[in-house]
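Chain by chain, the residues:
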Amino acid sequence: MKVKIGIAESSRVVELEVEDVHAFEKMLEGEFGSGPGLIWFEDTRDRRIGVPKDRIAFVEIDKEAVRPVGFGG
């Protein structure tokens, strides 16, 4: 699933692909309770992105797993 993370006071949006959205949400909730620092995200392509916790403006999760392709309904 696609996840978008907005960075405060910036036009930058980090886009990730995650396999387990529930595990991702629990990880985020746990990280915010642990004080200042970086949150490291890893997507399905093994890319790692570090974002300062206090700079995260929003997290958007697109739960639409598969987008239709072609003319089929």
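Here's a quick rundown of the structure.

About the criteria used
Residues numbered from 1 in each chain as written. Predicted model: local features only at pLDDT ≥ 70, side-chain atom pairs only at ≥ 80, totals over all residues. Heavy atoms only, no water. Helix = DSSP H or I, 4+ residues; strand = E, 2+ residues; numbered from the N terminus. Contact = heavy atoms within 4.5 Å. Phe/Tyr/Trp six-rings, centres within 6.5 Å; stacked < 30°, edge-to-face > 60°. Buried < 20%, exposed > 50% of the residue type's maximum accessible area, 1.4 Å probe, protein only.

### Side note on the side chain of K53
Move 1: With respect to the helices and strands, the residue K53 is situated in the loop between β4 (48–52) and β5 (56–62).
Move 2: Sequence-distant contacts of K53, defined by excluding residues within four places in its chain, comprise E31, F32, S34, G35, P36, G37, L38 and I39.

### Focus on the packing of aromatic side chains
Move 1: Considering all chains together, one arrives at one aromatic pair under this definition.
Move 2: Measuring from ring centre to ring centre gives 5.8 Å for F24 and F41, while their planes differ by 40°; the resulting arrangement is tilted. Of this pair, F24 sits in helix α1 (residues 21–32) while F41 sits in strand β3 (residues 38–42); the two residues are 17 residues apart in sequence, bridging distant segments of the chain. Taken as a pair, F24 and F41 share a single burial class, namely buried.

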